[in-house]
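# Geometric and topological summary
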Amino acid sequence: MKYTRWILLIVSAMLLTACGGTSKKTDFFGEDPEPKKVKVDNSTSIKRNWKRNLGKNIETGDSILSPVLFGTSLYAASPKGHVYKVSASDGKIEWEAKLKKELISAGVGVGSGLVLVGTDQGKVIALSQTDGSVSWESTLDSEILASPVVDGNVVVARSGDGKVYGLSTYDGSRKWTISRQLPKLTLRGESRPIITQGVVFTGFSDGNLAAFAAETGRALWDFPITFARGTNDIDRLSDVDTDPLLVGDFLYISSYQEITHALDIKNQRIAWSAGISSFHSLAYDAAFLYITDKKGLVHQLDRSNGQEQWVQDALQYYSVSAPVSVGPYVLVSEGDGKLYVLRKTDGKLVGKHGFGANTIIGEPVVDADTVYFLDNEGSLQSISIVNKR
C-alpha cells in the first residue's frame, strides 16, 4: 500500500505542474520529447487594468486555489490562511481575513452570503461575504481537495478519501454523506461539484459521474464516463477530475482516459463523445467547447456534435493550463508564466506574453473581455487582450 501511495504522490506532482513550476512535462516512465520552440504571430498585446499584491510568495503547491468573481467583487485565498475580498473594478481590498493555524487546500466557493474554503485538516470554513468574519467551521474526515460549492441551503464539499458531504449553510452541520471506494491508485485532486435546480453533479475517481439530490443526498443516477483499462494501476487510472461544465441541458465532462462526453441530462443519454482526455476544466462559448488535453494540445470542438474544428499542437509537451474563453480569443498559460493567446477562428497563436518570473496559479476568471488571475508572487491582476491590428 505504501508503494502505491508513493506512486500516487509522484504522478500527482507531475500533473499539477500545469498550474505552476517547470514548463517541461515529464512522463512517469521517462521524459517526453523536448518541447519545440513556439512560434507566435504577436498581433495582440496585454493591457493591465490593475495589479494588487495580496502577500509574498503564495505558491500553492498541492493546493487548488483559484479566484472567484461574484457580483462586482473577487474572492481569493492563499495557502497560509488569508482570504480576501477585492473590488473587480480597481483591485481595492474590501476586506482581509486571517485564519490562524490553518492551511487552505481548496477554494474559493461563494454564495448564500458565504465565502468557503477547505483546509488540509479536513475543515470547511465559512466566512461572511460582507465582512470576512468566520460564520462556522465543519470538520470532515479528510483533507479538502476541491473547492466547496453552495446553493440555497446546502454547501457541498469533497474530501480526499472519496466522500461527498452536504452541509447546512446555517451552521455547517452535516445533512448527508456519500462514500465511494477509491481505486488503489488515483490522481491527487477531486472534481469540483456543481449544483443546479436542486441537483448535485460530480465526477469520481472510479470513472463515474453521479447526480444527487442536494437537500437529501439521495442518489438520482450514476453514469460511467470511462472504464479502467490496462494491466497495471497506472494504465488503469480512470479519474474524472475535471469539473463538470453545465450549459443549458448539456453537461460536458472529460476524464484521464481518452474520452470527453456531452451528456443530455434532461433525457439522461450521451449526446456525443470525443476521444480527448483531460484533467483540466473545460471552456466554452456560444458554439464551441475548448479543451486542453493531457499532452498540451488545445482543441476546439463543435458543442452540438463534438466534431473537432481545429487543434493547436505548438504547445505539446509543455505544462499547459486549462483554457479560458475571452471574446474572440482562447487563453492558456504554461509553467514558466507565459500566457498564450489563440485566435478562435482557426486556433492560430496570436500572442505570447510574459509576466516576469511570475507563474499564473489556479484558473483565471473571465468577465466579458476582462481576465483576472493570481500569480505565485501573491499578485491578483486584471488584464485585457488588445488586438494591435
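Our subject is the structure that appears above.
The model shown is predicted, which means the values in this text are computed figures rather than measured ones.

## Notes on empty space enclosed by the protein
Taken as a whole and judged by the stated rule, the model has four cavities of 30 Å³ or more. Considered as a void within the structure, the second largest cavity measures approximately 70 Å³ in volume. Every residue along the wall of the second largest cavity is listed here: Ser321, Ala322, Val324, Leu331, Val332, Ser333, Leu339, Ile360, Pro364, Val371, Phe373 and Ile383. If you list the elements that add at least two residues to the lining of the second largest cavity, you get strand S30 (329–333), strand S33 (360–367) and strand S34 (370–375). Sorting elements by how many residues they give to the lining of the second largest cavity places S30 first, with three residues. Classifying every residue of the lining of the second largest cavity gives 10 nonpolar, two polar and no charged.

## Some thoughts on the pairing of strand S14 (residues 154–158)
Across the five residues of S14, five count as buried, placing the element largely inside the fold. Of the two faces of S14, both are covered, the one formed by Val154, Val156 and Arg158 as well as the one formed by Val155 and Ala157. The pairing of strand S13 (residues 149–151) with S14 spans three bridges and is antiparallel. If you follow Val150 over to S14, its bridge partner there is Val155. Following S13, the chain reverses through two residues before pairing antiparallel with S14; Gly152 in that reversal takes a positive phi of roughly 60 degrees.

## Some thoughts on the layout of surface pockets
If you add up the space inside the largest pocket, you get close to 1100 Å³. Val68, Arg192, Asp243, Leu245 and Glu363 are, among the 33 residues lining the largest pocket, the residues nearest its centre. At the level of secondary structure, the elements contributing two or more residues to the lining of the largest pocket comprise strand S5 (68–70), strand S9 (104–111), S13, strand S17 (194–196), strand S21 (245–247), strand S25 (283–284), strand S29 (324–326) and S33. At four residues, the largest contribution of residues to the lining of the largest pocket is made by S33. By residue class, the composition of the lining of the largest pocket is 24 nonpolar, five polar and four charged.

## Brief notes about unusual backbone geometry
Residue Val108 follows Gly107 across a cis peptide bond; omega there is 10 degrees. Here Lys101, not a glycine, exhibits a phi torsion of approximately 60 degrees, which is positive. Tracing the backbone shows Lys101 in the loop between strand S8 (93–98) and S9. Lys101 sits in the exposed class, given a relative accessible area of 87%. Even without being a glycine, Gln197 presents a positive backbone phi close to 50 degrees.

## Quick notes on the sheet that holds S14
Here we have four strands laid out as an open sheet, ordered S13-S14-S15-S16, and antiparallel in their pairing. In this open sheet, the two strands that pair with only one neighbour each are S13 and strand S16 (174–178). Taken pair by pair, the neighbouring strands of this sheet meet at an average axis angle of 20 degrees, ignoring direction.

Rules behind the numbers
- Residues numbered from 1 in each chain as written.
- Predicted model: local features only at pLDDT ≥ 70, side-chain atom pairs only at ≥ 80, totals over all residues.
- Heavy atoms only, no water.
- 1 Å grid on protein atoms, 1.4 Å probe; cavity = no way out; pocket = protein on both sides within 12 Å on 5 of 7 lines; lining within 4 Å.
- Points joined across faces, edges and corners; volume = space filled by probe spheres on them.
- Helix = DSSP H or I, 4+ residues; strand = E, 2+ residues; numbered from the N terminus.
- Nonpolar A, V, L, I, M, F, W, Y, C, P; charged D, E, K, R; others polar.
- Buried < 20%, exposed > 50% of the residue type's maximum accessible area, 1.4 Å probe, protein only.
- Pairing = 2+ DSSP bridges.
- Axes fitted to C-alpha atoms, helices over the stretch in contact; angles between N-to-C directions.

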